Amino acid sequence: MTIQGLAFIPDGENLPIAIVSHGFMANYKTTEGYAKFLAERGFAAFCFDFNGGCIHGKSDNDTTKMTVFTEKEDLKAVIAYTRKLSFVNKDDITLMGCSQGGFVSALTGAELGEKIRRLILFYPALCIPDDARAGKMMFAKFDPQNIPEVIQCGPMKLGKAYAQSVLDVDAIESICSYEGPVLIVHGSKDEIVDCSYARKAAEAYRNAELVIIPDGKHGFSKEHDKIALEAVERFVKK
């Protein structure tokens, strides 16, 4: 499997690392602006396409094999790659993720612990396990007791494993062991991931800051993106 993406590298040595993960059915282009924003603030910043995570992506693309856990392995591979670069500080890694990429980043942070300096989660899709148990995930509907081999989810075909792999997962419990600083930014009118998930996560984490954007939806408008990035700038300066 080959992962492809973009790197934004400012001048300097011993640079902190920032890795930005896109959401479900999206690709690196939706996170490119965030990577540039972090590079302008001194990070060696990376965005990429998950394998099988995009409708039109540059990485290997079998969507029926993708799960949040295959994406976690993809993210770990990107982390391993960046830590080998001569101009970075391998002990200063920030993971940033949007929607499903936020959930994947949070899962990765919980697994890698102190190797991750901080987490930035934009409307993280912590609803995914609950949605699977309800048999209603984004555009897909199915019987959770009899999940089909292929799940048609709008324009994207998912495999049975996408839903089955999270049926027994407690999203909050699976991420809250991470003890580093966490920034969660969520819209109050998110109709895809209710902001109650963000509130529960903020309460469960040991060191979390929660920013709720009034009237914000899933995928921020330019106005709400500005508010979110102002929060990111304050967070990374701490």
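Preceding block: the structure.
Residues numbered from 1 in each chain as written. Predicted model: local features only at pLDDT ≥ 70, side-chain atom pairs only at ≥ 80, totals over all residues. Heavy atoms only, no water.

## Let's talk about the overall build of the protein chain
So, point 1. What the protein chain contains, in helices and strands, is 8 helices and 11 strands.
So, point 2. Compactness check: the protein chain gives a C-alpha radius of gyration of 17 Å against a globular reference of 18 Å for 238 residues, within 12% of the reference.
So, point 3. A principal-axis box enclosing the C-alpha atoms of the protein chain has dimensions of 55 × 40 × 35 Å.
So, point 4. Relative to its 238 residues, the protein chain shows a buried fraction of 53%.
So, point 5. Put simply, 72% of the contacts in the protein chain that link residues at least 6 apart link residues at least 24 apart.
So, point 6. Carbon and sulfur atoms form 47% of the exposed surface of the protein chain, whose accessible area is close to 11000 Å².
So, point 7. Considering the protein chain, the positive charge centre built from 28 side chains and the negative charge centre built from 32 side chains are found 2 Å apart. (Helix = DSSP H or I, 4+ residues; strand = E, 2+ residues; numbered from the N terminus. Rg over C-alpha atoms; globule rule 2.2 N^0.38 Å. Buried < 20%, exposed > 50% of the residue type's maximum accessible area, 1.4 Å probe, protein only. Contact = heavy atoms within 4.5 Å. Areas by Shrake-Rupley, 256 points an atom, 1.4 Å probe, with all protein chains shown as cover. Lys, Arg positive; Asp, Glu negative; His and termini not counted. Charge placed at Lys NZ, Arg CZ, Asp CG, Glu CD.)

## Quick look at the pairing of strand β5 (residues 118-122)
Where a strand is regular, its side chains alternate between the two sheet faces.
So, point 1. Across the 5 residues that make up β5, a large majority, 5, are buried.
So, point 2. Every second residue of β5 is oriented toward a common face, with R118, I120 and F122 on one face and L119 and L121 on the other, all of them buried.
So, point 3. Strand direction decides the pairing type here: strand β4 (residues 88-98) and β5, joined by 5 bridges, are parallel. Pairing of L95 across the sheet is with L119, part of β5.
So, point 4. Read from β4 through helix α3 (residues 100-112) to β5, the crossover connection turns out right-handed.
So, point 5. Note that β5 and strand β10 (residues 182-187) share 4 bridges and pair parallel. Bridging from a neighbouring strand, L121 pairs with I184 of β10. (Pairing = 2+ DSSP bridges. Right-handed = clockwise from strand over helix to strand, strands pointing away.)

## Considerations on the packing of helix α2 (residues 68-83) against α3
So, point 1. Direction vectors running N to C along α2 and α3 enclose 65 degrees, while the axes themselves pass 9 Å from each other. Comparing the axis directions of α2 and α3 gives the class roughly perpendicular. Judged by the twist between their axes, the crossing of α2 over α3 is right-handed. Across the interface between the two elements, V68, F69, E71, K72, L75, K76 and I79 from α2 touch Q100, F103, V104, S105, L107, T108, E111 and L112 from α3. (Axes fitted to C-alpha atoms, helices over the stretch in contact; angles between N-to-C directions. Parallel < 35°, antiparallel > 145°, perpendicular 65-115°, else oblique. Left-handed = near helix turned anticlockwise from the far one by under 90°.)

## Things to note about the environment of D215
So, point 1. Within the secondary structure, D215 sits in the loop between β11 (208-213) and α8 (222-237).
So, point 2. For the pair D215 and D190, spaced 25 residues apart in sequence, the C-alpha to C-alpha distance is 8.1 Å.
So, point 3. Leave out the neighbours within four places in its chain, and D215 touches S188, K189 and H224.
So, point 4. Side-chain polar atoms of D215 contact the side chain of K189, separated by 3.1 Å. (Polar contact = N/O pair within 3.5 Å; in protein donor to acceptor, adjacent residues only side chain to side chain.)

## A look at the layout of surface pockets
So, point 1. Estimates place the volume of the largest pocket at around 470 Å³.
So, point 2. Taken together, 24 residues make up the lining of the largest pocket; nearest its centre are F24, S99, M138, I192 and H218.
So, point 3. Secondary-structure elements contributing two or more residues to the lining of the largest pocket are α4 (128-134) and β6 (136-137).
So, point 4. Residue contributions to the lining of the largest pocket peak at 3 residues, all from α4. (1 Å grid on protein atoms, 1.4 Å probe; cavity = no way out; pocket = protein on both sides within 12 Å on 5 of 7 lines; lining within 4 Å. Points joined across faces, edges and corners; volume = space filled by probe spheres on them.)

## Description of the nonpolar core
So, point 1. Core analysis: the largest hydrophobic core is formed by 56 residues, its most contacted members being I19 and Y205.
So, point 2. Residue contributions to this core peak at 5 residues, all from α3.
So, point 3. Residues in contact with Y205, not counting those within four places in the same chain, are A106, L119, L121, I175, C176, Y178, V182 and I184. (Core = buried A, V, L, I, M, F, W, Y, C linked by side-chain atoms within 4.5 Å.)

## Quick notes on helix α1 (residues 32-39)
So, point 1. Along α1, the positions that sit buried rather than exposed are Y34, A35, F37, L38 and A39.
So, point 2. Buried positions along α1 lie against β1 (5-8), β2 (15-21), β3 (44-48), β4, β5 and α8.

## Thoughts on the sheet that holds β1
So, point 1. The 7 strands lie next to each other as β1-β3-β2-β4-β5-β10-β11, forming an open sheet whose pairing is mixed. The two strands at the open ends of the sheet, each matched to only one other strand, are β1 and β11. Sheet twist, expressed as the average angle between the axes of neighbouring strands with direction ignored, equals 15 degrees.

## Notes on unusual backbone geometry
So, point 1. Its identity is not glycine, yet M25 carries a phi of approximately 65 degrees, on the positive side.
So, point 2. When you line up the elements, M25 lands in the loop between β2 and α1.
So, point 3. Backbone geometry places M138, a non-glycine residue, at a positive phi of 55 degrees.
So, point 4. Relative to the helices and strands, M138 is located in the loop between β6 and β7 (140-141).

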